[in-house]
Amino acid sequence: MDYIGQIFRPPSEAESLLLQISLGCSHNKCTYCAMYDNPDQGFRIKKWETIVADMDEAARWSRQHRPIHRVFLCDGDALILPQDFLEKVLTRLKEKIPTVRRVGIYGDARSILRKTPEQLGRLQELGLGIVYHGVESGDDDVLRQVNKGSTAAEAVESALRLREAGLRHSVMVMLGLAGHLNSLKHAEATARILTAMDPPFVGALTTTLVPGTPLFAQAEKGEFQLPDPWGMLEELRIIIGESRFTRCRFHSNHASNHLPLSLNLPTDRNKALGQLDRVLEHRDEDDLKPEYLRGL
Ligand code: SF4
């Protein structure tokens, strides 16, 4: 397989074939993100011949070893690629690896809303099953400060458009992204946006300061301060306590998190709030994931 730079994928795509159809992220401006700062990974579509060679190799592997059921299309926000190109990729995947049951992709409000409902529906018919969307916060001030490139209202509109197209939506939000000072406002707004979006999957990640990013530089200058682990858990408590879902698989078990939770909401809400209240009351570091086990 032809992989260039660092390959990222959602935790739930651990078993998937990772097919890199583009490099980098078309936005690449979020102040906390260093995912695609490798100069070789500037945003571009990979050559069609390279993608076809990767599909052929994967198809051979699938026949000889174990049928491939899931594929994740990398990199960054690959959903922003032109419609005809994505249709060509999905069509070819179906032909070459007929055992594939679901294809996943990263997308954000910019890439989702650039596609019409009909175009998204067409991608769904061709095998796209799930879009992973870093919403990060429901607070427009925070989204502006971190240069997210989209608003809370656009995130809600994206959720409606994906639902209309029959695509599953997995949403990521970031604990601590507003810093210590605006922590509460960020958490409450994030609970509100999750309620409005009502996605079937949510992952809460913990903001980590990555050297080389603008957010890291702000923290070095004292202009930004992350909440401490207890502050992060208070945000998580607000998000779980105040958001309302029809049916949501909610995870806070990303490597960056202090307290891994895996919940079915609303069923597990009270149990999770009880656990968070106990941890927040005792403030015993033994209840948290050790720092050496946390990562990005
Ligand atoms: S859209 Fe995603 S990949 Fe692109 S810069 Fe922002 S966080 Fe990073």
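Residues numbered from 1 in each chain as written. Predicted model: local features only at pLDDT ≥ 70, side-chain atom pairs only at ≥ 80, totals over all residues.

1. With respect to the pairing of strand E5 (residues 102-106)
Here is the rule we go by: Put simply, a residue is buried when 20 or more other C-beta atoms lie within 10 Å of its own C-beta and exposed when 12 or fewer do; between those, it is partly exposed, and each C-beta is set from the backbone. Only runs of H or I of at least four residues qualify as helices and only runs of E of at least two qualify as strands under DSSP, and these elements are numbered from the N terminus. Two strands are counted as paired when DSSP detects at least two bridges linking them. Handedness of a crossover is defined as follows: with both strands directed away from the viewer, a clockwise route from the first strand across the helix to the second makes it right-handed.
Burial analysis of E5 places four of its five residues in the buried class, the great majority of the element. Note that strand E4 (residues 70-74) and E5 share four bridges and pair parallel. Residue Leu73 lies in a different strand from E5, and its bridge partner there is Ile105. What joins E4 to E5 is helix H2 (residues 83-96), and the crossover it makes is right-handed. Of the strand pairs in this sheet, E5 and strand E6 (residues 128-136) are connected by four bridges, and their pairing is parallel. Within E6, the position partnered with Tyr106 by the bridge is Tyr132.

2. What to know about the site of the ligand
Selection rule: Being near a molecule or strand means, for a residue, that its C-beta atom, positioned from the backbone, comes within 6 Å of it. Residues are grouped as follows: Ala, Val, Leu, Ile, Met, Phe, Trp, Tyr, Cys and Pro are nonpolar; Asp, Glu, Lys and Arg are charged; all remaining types, including Gly, are polar.
Around the ligand lies a shell formed by Cys25, His27, Asn28, Lys29, Cys30, Cys33, Met35, Gly76, Asp77, Asp108 and Gly134. Looking at the shell around the ligand residue by residue, the classes come out as four nonpolar, four polar and three charged.

3. Looking at the sheet that holds strand E10 (residues 262-265)
Quick note on the threshold: The axes used here are C-alpha line fits, helices contributing only the stretch in contact, and every angle between their N-to-C directions lies in the interval 0 to 180 degrees.
Here eight strands make up an open sheet; going across it, the order is E1-E4-E5-E6-E7-E8-E9-E10 and the pairing mixed. The sheet is open, and its two edges are formed by strand E1 (17-20) and E10, each paired on a single side. Recorded for the sheet is a direction-independent mean angle of 25° between the axes of neighbouring strands. Pairing geometry for strand E8 (residues 201-206) and strand E9 (residues 248-251), over three bridges, is parallel.

4. A word on the nonpolar core
Under the convention used in this document: Under the definition applied here, buried Ala, Val, Leu, Ile, Met, Phe, Trp, Tyr and Cys residues are grouped into a nonpolar core through C-beta atoms within 7 Å. What counts as a contact here is a pair of residues whose C-beta atoms, placed from the backbone, lie within 7 Å.
By size, the foremost hydrophobic cluster in this structure holds 76 residues, and its most contacted members are Val71, Leu73 and Ile239. The contact partners of Ile239, leaving out residues within four places of it in the chain, are Val173, Ala187, Thr190, Ala191, Leu194 and Ala204.

5. Things to note about unusual backbone geometry
In this chain, Cys74 is followed by Asp75 through a cis amide linkage whose omega measures 10°. Looking at the element boundaries, Asp75 is found in the loop between E4 and H2. Put simply, Leu265 and Pro266 share a cis peptide bond, and its omega is 15°. Topologically, Pro266 is positioned in the loop between E10 and helix H10 (269-282). Unlike most non-glycine residues, Glu136 shows phi in positive territory, near 70°. One non-glycine residue, Asn147, lies in positive phi territory at about 60°. As for its placement among the helices and strands, Asn147 is situated in the loop between helix H5 (140-145) and helix H6 (152-164).

6. Some remarks on the environment of Lys88
Note that Lys88 resides in helix H2. Its 17 C-beta neighbours within 10 Å are what place Lys88 among the partly exposed residues. In this structure, the C-alpha to C-alpha distance between Lys88 and Trp48, residues 40 residues apart in sequence, is 9.7 Å.

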